[in-house]
Structures are given as structure tokens and as C-alpha cells.
Amino acid sequence: AQSVTQLDSQVPVFEEAPVELRCNYSSSVSVYLFWYVQYPNQGLQLLLKYLSGSTLVKGINGFEAEFNKSQTSFHLRKPSVHISDTAEYFCAVIAANAGGTSYGKLTFGQGTILTVHP
Amino acid sequence: EPEVTQTPSHQVTQMGQEVILRCVPISNHLYFYWYRQILGQKVEFLVSFYNNEISEKSEIFDDQFSVERPDGSNFTLKIRSTKLEDSAMYFCASSRTGSNQPQHFGDGTRLSIL
């Protein structure tokens, strides 16, 4: 089974400042990793994903994340945030070695509410 | 860009009543999912559906729950006899293939049980 821990439930930051949202995972098998964003009254929108290859992945809206296998982390970063980035962010994993036992079940973290202040 | 659509956006139901939540996945997607999020808690997996049958379900998905793809476009979640603890936001998702492919989510149905 997999589990995901997002270390910060709320992150307040001023506009144009850098931000890092932390995510750690636990799994007995390899995983694929995702970050989703949820704006108020909307569904979950994919920000970026790590499947294989380069450990630094870039997503939409200027976000990027780095996969660190030794630390089982997948932290999300943005060098300069905007007011419009205010939302809840979810880290999620899927077991990579499906082997016929997983059809894409996403396991989510608790979510981090990013609030960008002017 | 194609979207997953869910109806209704908000459903209020008396405890013990049956409720059906509806979803229209993206048209060329083959895998379908339901998740729920109780207020203040994590998004939790309920069930995945492929090739007209359940491929995986969580311990939450007991006999009170069922899913169906009644035609080529809709994907429904039925709760037979609702309980207060079923109050949550229910999200439908679909993906082109399973496993590592991104899942596209609808905006959710907020289910309130009175």
C-alpha cells in the first residue's frame, strides 16, 4: 500500500515570493507521482507528473517538482507566486508496478492550502 | 479541451434515500473512477471501472455502493440507502489508459445527507 504525507496544511506567502510545498510518500513498490491543484468550487487539475527519466519535472503555471528517490520526496516549487496561485494543492501517487493489481488508484496527501497575499 | 462533467453540482437527500450521481467522462477514455472527499479530510479512492466491470474498489465501497455505465457516455455512482456519513464531495475521473496516465477530474458533486 502507498501513503502520502504533505507536511504543511497551510502555507501563506507574499506575492512574487518563492514557495515550496512539501510531499513525502511511502510505498513498497515504485510509484508514479502527481501534483494536482484545486481552485475554489472546481475539480482537481493536473499540475505535473513524474513517470520516469529526469527527476526535475516542469508543469503548468510555472510550477516544477523534483523527485528524490532516496528521500522519498516530491516537493513542488515555484520561484515567484501570483495571487492567482491561491488554491489547495494535492500530492498523489499511483503504484507503478501494476502487475494486474492496480488500475490507476490514486492515493492522495491531505492537501496544502497555499494563500498568496498582496 | 475535453472535460469530465458531473451532475448535479449539489445534491441534498434525506437519510435512507437512494441517490445517483452522474458523470460523463472524456469520450475516448477507457478507465473511470470515483473518489470522495469528506470535509476536512483526504481525497479517498472509491472504485475504478474498466471494460464494463469494477477493476478495483476500496473498503469504503461496500454493498450500499454500485457503479454502472448504462450507455456509451455516462458513468454513475449509486448509493442505495444513504447515511449521514456519506455526506462528502464526490469526484468522477477518467483516464485514457490505466496506471501511469493522468486522471482528469470533474468539478464534483457535493452530497449532503440530512
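The structure this text deals with has already been given above.
Residues numbered from 1 in each chain as written. Chains lettered and ligands numbered in written order. Predicted model: local features only at pLDDT ≥ 70, side-chain atom pairs only at ≥ 80, totals over all residues. Heavy atoms only, no water.

Draft legend 1. Representation of the interface of chain B and chain A in the model. Every contact between the two is made by 20 residues of chain B and, on the other side, 25 residues of chain A. Carbon and sulfur atoms supply 59% of the area that chain B and chain A bury against each other, a total of about 1900 Å² over both sides. Summed over the shared surface of chain B and chain A, the number is zero salt bridges. Those elements giving two or more residues to the side of chain B that touches chain A turn out to be β4 (31-37), β5 (43-50) and β6 (53-57) of chain B. Of the residues that constitute the side of chain B that touches chain A, the class distribution is nine nonpolar, eight polar and three charged. (Contact = heavy atoms within 4.5 Å. Buried area = accessible area lost by both parts, 1.4 Å probe. Salt bridge = Lys/Arg side-chain N within 4 Å of Asp/Glu carboxyl O. Helix = DSSP H or I, 4+ residues; strand = E, 2+ residues; numbered from the N terminus. Nonpolar A, V, L, I, M, F, W, Y, C, P; charged D, E, K, R; others polar.)

Draft legend 2. The arrangement of the sheet that holds strand β3 (residues 19-24) of chain B in detail. Residue and element names in this part refer to chain B. If you trace the four strands from one edge of the open sheet to the other, you get β1-β3-β8-β7, paired in antiparallel fashion. Each having just a single partner strand, β1 (5-7) and β7 (65-68) make up the two edges of the open sheet. Averaged over all adjacent pairs, the angle separating strand axes in this sheet is 20 degrees, with direction ignored. Relative to strand β8 (residues 75-79), β7 is paired through four bridges, and the arrangement is antiparallel. By the bridge assignment, V67 is partnered in β8 with L77. (Pairing = 2+ DSSP bridges. Axes fitted to C-alpha atoms, helices over the stretch in contact; angles between N-to-C directions.)

Draft legend 3. The arrangement of the environment of B:K57 in detail. Residue and element names in this part refer to chain B. Here K57 lies in strand β6. A C-alpha to C-alpha distance of 4.2 Å links K57 and V47, two positions 10 residues apart in sequence. The residues touching K57, leaving out its near neighbours within four places in the chain, are F45, L46 and V47.

Draft legend 4. Broad picture of the state of the cysteines. All names here are of chain B. This structure, assessed with the given rule, holds two disulfides over all chains. Each sulfur of the disulfide joining C23 and C92 lies 1.9 Å from the other. Disulfide C23-C92: the torsion about the S-S bond is -65 degrees, which places it as left-handed. Here C23 is found in strand β3, whereas its partner C92 is found in strand β9 (residues 88-95), with 69 residues between them in sequence. Summarising the burial analysis for this pair, C23 and C92 share the class buried. (Disulfide = S-S within 2.5 Å. Buried < 20%, exposed > 50% of the residue type's maximum accessible area, 1.4 Å probe, protein only.)

Draft legend 5. Region of the structure containing the packing of aromatic side chains. Per the stated rule, a full pass over the model turns up 18 aromatic pairs over all chains. Arranged with centres 6.4 Å apart and planes meeting at 35 degrees, the rings of A:F34 and A:Y36 form a pair that is tilted. Seen in terms of ring centroids, B:Y31 and B:Y50 are 4.2 Å apart; in terms of plane orientation they differ by 10 degrees. Their pairing is stacked. Note that B:Y31 is positioned in strand β4 and B:Y50 in strand β5, a separation of 19 residues in sequence. For B:Y31, a relative accessible area of 11% corresponds to the buried category. Relative accessible area serves as the criterion here: at 29%, B:Y50 is assigned to the partly exposed category. Among the aromatic residues, ring-to-ring pairing joins A:F34, A:Y36, A:F90, A:F108, B:Y33, B:Y35, B:F45, B:F91 and B:F105 into one connected group. (Phe/Tyr/Trp six-rings, centres within 6.5 Å; stacked < 30°, edge-to-face > 60°.)

Draft legend 6. Region of interest: the side chain of A:T107. Inspection of the secondary structure assignment puts A:T107 in strand β11 (residues 107-108). Those residues in contact with A:T107 that sit more than four places away from it in its chain are A:Q2, A:S3, A:V4, A:C91, A:A92 and A:V93.

Draft legend 7. Fine view of the side chain of A:Q6. Residue and element names in this part refer to chain A. Here Q6 is to be found in strand β1 (residues 3-6). Among the polar contacts made by the side chain of Q6, one reaches the main-chain amide nitrogen of C91 at a distance of 3.0 Å. A polar side-chain atom of Q6 sits 3.2 Å from a polar atom in the side chain of T112. In this view, Q6 contacts R22, W35, Y89, F90, C91, G109, Q110, G111 and T112; residues no more than four positions away in its chain are not counted. (Polar contact = N/O pair within 3.5 Å; in protein donor to acceptor, adjacent residues only side chain to side chain.)

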